[in-house]
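Report on the structure
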Amino acid sequence: MPTSFNQSVIDEFRANAGKVGGPFEGGDLLLLTTTGARSGKETTTPLGYVRHGDALLVIGSNLGAPRHPDWYRNLLAHPVVRVELGTRTFQALAVPAEGARREELFAHAVRTAPGYADYQARTSRLLPVVALERAEPEGWEPTREITTLAGKVMEVHTWLRGQLHQVKAEVDAHFAACAAHRGPGAPPPPGLGLQIRQRCLAFCQSLEFHHTSEDDHLFPGIARYHPHLTDTFARLADEHRTVARIQGELVALLADIGITDPERFHTELDRMSMELNAHLDYEEEQILPLLADVPWPPAPPA
């Protein structure tokens, strides 16, 4: 089966520390890996990019075609993406820009790469401008050395708390700006915006993965050695179901890019904050002491 053009570019990129020839020679190129909106399968796409401060900008030009590219639809469903840049590989949060910010960033991209203006002229759709931002919550610093499973679980909990705190802070700031608006000038839009949507959706998906891993692997493994903790694991499972119901409400609201009912979203987010933090506190009190002597990473099988 012949190698596709994209795959040949990907192979050349990876073999030459991010440098490729042909039509991309001398250009700024990255590899963006997204998760399929429907298939759930990973797809890697070579894309030109433009730097803007600490962010990398990619434009959903699709060569001026009438439809958005598949990678753009994928990142709306799964906001955390993998980026390969030169010899570096890292996760990023993909956030499409909106309104005046989109216009500002698109103008910046056109100054750097004028071809984007030509692509916009070919189509009636507004070309998406996506900022690839740091995926971790603000202030996040990973633990330098984790030697126990307790430490690893605590790191994940800290990350989840940080993500939830950042989403909640952004939502609270949005409502405060709406309440404080006076006089001339446009008030904040009634929806909560793509920045909040993308970060909250990333949080929900990470939380679901973490709790599924605990239910399927971690908790059953511990329970085998601690049968006297039946009531503890029953309570943790019940709390997982409660958190999952709230998570489902949030994800349903996030399905609409504009988040049409921000008041309800705000209420559900407050409920998530209360339930999840109480759950994590209880789990850390009951479970972490049992994992304090379990090495991490686990030893390879004999």
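Shown above is the structure to which this text applies.
Summarised in this report is the structure supplied together with it. (Residues numbered from 1 in each chain as written. Predicted model: local features only at pLDDT ≥ 70, side-chain atom pairs only at ≥ 80, totals over all residues. Heavy atoms only, no water.)

**Some points on the overall build of the protein chain**
This is how the line gets drawn: Counting from the N terminus, the helices are the DSSP runs of H or I reaching at least four residues and the strands are the DSSP runs of E reaching at least two. Categorising residues by exposure relies on relative accessible area from a 1.4 Å probe, with only protein chains included: less than 20% of the type maximum marks a residue as buried, more than 50% marks it as exposed, and the intermediate range marks it as partly exposed. Should any heavy atoms of two residues lie within 4.5 Å, those residues are counted as being in contact.
Regarding its fold elements, the protein chain presents nine helices and seven strands. Reported as C-alpha extents along the three principal axes, the dimensions of the protein chain are approximately 70 × 60 × 35 Å. Residues classed as buried in the protein chain amount to 42% of the 302 residues present. Across the protein chain, the fraction of contacts at a sequence separation of at least 24, relative to all contacts at a separation of at least 6, is 69%.

**Some points on the packing of aromatic side chains**
The following threshold applies: Any two rings among Phe, Tyr and Trp, with Trp reduced to its six-membered ring, count as a pair given centres within 6.5 Å; such a pair is stacked if its planes are under 30 degrees apart, edge-to-face if over 60, and tilted if neither. Distance and angle both matter: a charge sits over a ring if NZ of Lys or CZ of Arg is within 6 Å of the ring centre and within 35 degrees of the ring normal.
This model, assessed by the stated rule, comprises four aromatic pairs. The ring of Phe106 has Arg102 lying over it, and the distance from NZ or CZ to the ring centre is 4.4 Å.

**Some remarks on the state of the cysteines**
Note the threshold: The disulfide criterion used throughout: a pair of cysteine sulfur atoms within 2.5 Å.
Counted under the stated rule, the structure contains zero disulfides. Unpaired in terms of disulfides, Cys200 finds its nearest cysteine sulfur in Cys204, a separation of 4.3 Å.

**Quick notes on the pairing of strand β6 (residues 88-96)**
Heads up, the rule is: Paired strands are those between which DSSP finds at least two bridges.
Pairing between strand β5 (residues 80-85) and β6: six bridges, direction antiparallel. Residue pairing across strands places Glu84 opposite Thr89, the latter belonging to β6. A loop of two residues connects β5 with β6, the two strands running antiparallel in sequence, and Gly86 in this loop sits at a positive phi of about 65 degrees. Here β6 runs beside strand β7 (residues 129-134); their pairing, made up of five bridges, is antiparallel. By the bridge assignment, Val95 is partnered in β7 with Ala131.

**Things to note about the pattern of salt bridges**
Heads up, the condition is: Whenever a carboxyl oxygen of Asp or Glu lies within 4 Å of a side-chain nitrogen of Lys or Arg, that contact is scored as a salt bridge.
Summed over the entire model, instances satisfying the criterion amount to 14 salt bridges. Between Glu136 and Arg134 there is a salt bridge, with its nearest N and O atoms 3.3 Å apart. The shortest N-O distance in the salt bridge between Arg161 and Asp281 comes to 2.8 Å. Taken together, the residues Arg161 in helix α5 (residues 149-180) and Asp281 in helix α8 (residues 262-286) connect sequence positions 120 residues apart. Overlapping salt bridges, with partners in common, bring together Arg161, Asp281 and Glu284 in one network.

**Digging into the side chain of His266**
Among the secondary structure elements, His266 is positioned in helix α8. Ignoring anything within four residues of it in the chain, the contact list for His266 reads Val171, Asp172 and Phe175.

**Some details on unusual backbone geometry**
The omega angle of the peptide bond from Trp296 to Pro297 is -5 degrees, so this bond is cis rather than trans. Tracing the chain through its elements places Pro297 in the segment after α9 (288-291). Within the chain, Asn62 stands out as a residue other than glycine whose phi angle is a positive 50 degrees. Within the secondary structure, Asn62 is located in the loop between β4 (55-59) and α2 (70-77). By relative accessible area, Asn62 is classed as partly exposed at 34%. Positioned with a positive phi, Leu63 is a non-glycine residue whose angle comes to about 55 degrees. Within the secondary structure layout, Leu63 lies in the loop between β4 and α2.

**A closer look at the nonpolar core**
How we decide: Residues belong to a common nonpolar core when they are buried Ala, Val, Leu, Ile, Met, Phe, Trp, Tyr or Cys residues joined through side-chain atoms within 4.5 Å.
Ranked by internal contacts, the top residues of the largest apolar core, which has 25 residues, are Val171, Phe203, Phe265, Leu269, Met272 and Leu276. Those elements that place two or more of their residues in this core are α5, α6 (194-225), α7 (230-254) and α8. Look past the residues within four positions of Phe265 in its chain and what remains in contact with it is Val171, Leu192, Ile196, Cys200, Leu250, Leu253, Leu254 and Ile259.

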